[in-house]
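Below are the chains, spelled out letter by letter.
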Amino acid sequence: METWRVVATVLLAAAGLPLVLVLMAKARDRRNSSGAVAITGAVAFVVLLLLGVVMLTVLPTVLTWAIVAVVAAALGVMMLAS
């Protein structure tokens with residue numbers, strides 16, 4: 001496994017985990033339901049986990065770094081918007 005894959009996955013996790021929490025907070029604000037918050041968190045975490053596994057194994061370099069940049073940008077925008 002190449003080093004850049006590990007670095008990209010760690011950066012994805014560093015931006016993705018707070019993004020999951022922000023998404024859960026947005027779901028709580030919109031629906032005010034514990035079930036909706038749990039489902040949102042579970043779906044976001046599973047997507048993040050699957051994306052990390054795919055990044056570690058098969059995605060090409062450009063696509064991997066583009067995904068990391070998009071997730072980091074999404075976190076930045078959501079944090080500034082809230």
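Residues numbered from 1 in each chain as written. Predicted model: local features only at pLDDT ≥ 70, side-chain atom pairs only at ≥ 80, totals over all residues. Heavy atoms only, no water.

Quick notes on the overall build of the chain
Our working definition: In DSSP terms, a helix is any run of H or I states spanning at least four residues, a strand is any run of E spanning at least two, and both are numbered starting from the N terminus. Burial status follows relative accessibility: with a 1.4 Å probe on protein chains alone, a residue under 20% of its type maximum counts as buried, one over 50% as exposed, and anything between as partly exposed. Contacts: residue pairs with any heavy atoms within 4.5 Å of one another.
Across its full length, the chain holds three helices and zero strands. Taken along the three principal axes of its C-alpha coordinates, the chain extends 45 × 25 × 15 Å. Counting every position in the chain, which comprises 82 residues, the buried fraction comes to 28%. In the chain, the proportion of contacts linking residues at least 24 apart, taken out of those at least 6 apart, comes to 77%.

Focus on the nonpolar core
Worth spelling out the cut-off: Think of a nonpolar core as a cluster: buried Ala, Val, Leu, Ile, Met, Phe, Trp, Tyr and Cys residues, connected wherever their side-chain atoms sit within 4.5 Å.
One finds Leu12, Met55, Ile67, Val68, Val71 and Leu75 to be the most contacted residues of the largest nonpolar core, which totals 14 residues. Breaking this core down by element, the ones donating at least two residues are α1 (3-31), α2 (34-57) and α3 (61-81). It is α1 that provides the largest number of residues to this core, a total of six residues. The residues touching Leu12, leaving out its near neighbours within four places in the chain, are Leu48, Leu51, Gly52, Met55, Ile67, Val68 and Val71.

Thoughts on the side chain of Thr9
Mapped onto the elements of the fold, Thr9 is located in helix α1. The contacts of Thr9, once residues within four sequence positions are left out, are Gly52, Met55 and Leu56.

A short note on the UniProt feature "transmembrane region" (unreviewed entry) in the chain
Heads up, the rule is: UniProt positions are given in the numbering used here, feature names are shortened, and annotations may be inferred rather than shown by experiment.
Annotation from UniProt places "transmembrane region" (unreviewed entry) at residues 6-24, 36-56 and 62-81. A helix fraction of 100% and a strand fraction of 0% characterise residues 6-24, whose end C-alpha atoms lie 27 Å from each other. As a span, residues 62-81 carries 100% helix and 0% strand, and end to end its C-alpha atoms are 28 Å apart.

Concerning the environment of Val70
Looking at where Val70 falls in the secondary structure, it is placed in helix α3. Once the C-alpha coordinates of Val70 and Val7 are considered, the two residues, 63 residues apart in sequence, prove to be 16 Å apart.

Overview of α3
The cut-off we apply is this: Expected helix span is computed as 1.5 Å times (number of residues minus one).
End to end, α3 covers 30 Å across 21 residues, agreeing with the expected 30 Å (1.5 Å per residue, within 8%). On its buried face, α3 sits against α1 and α2.

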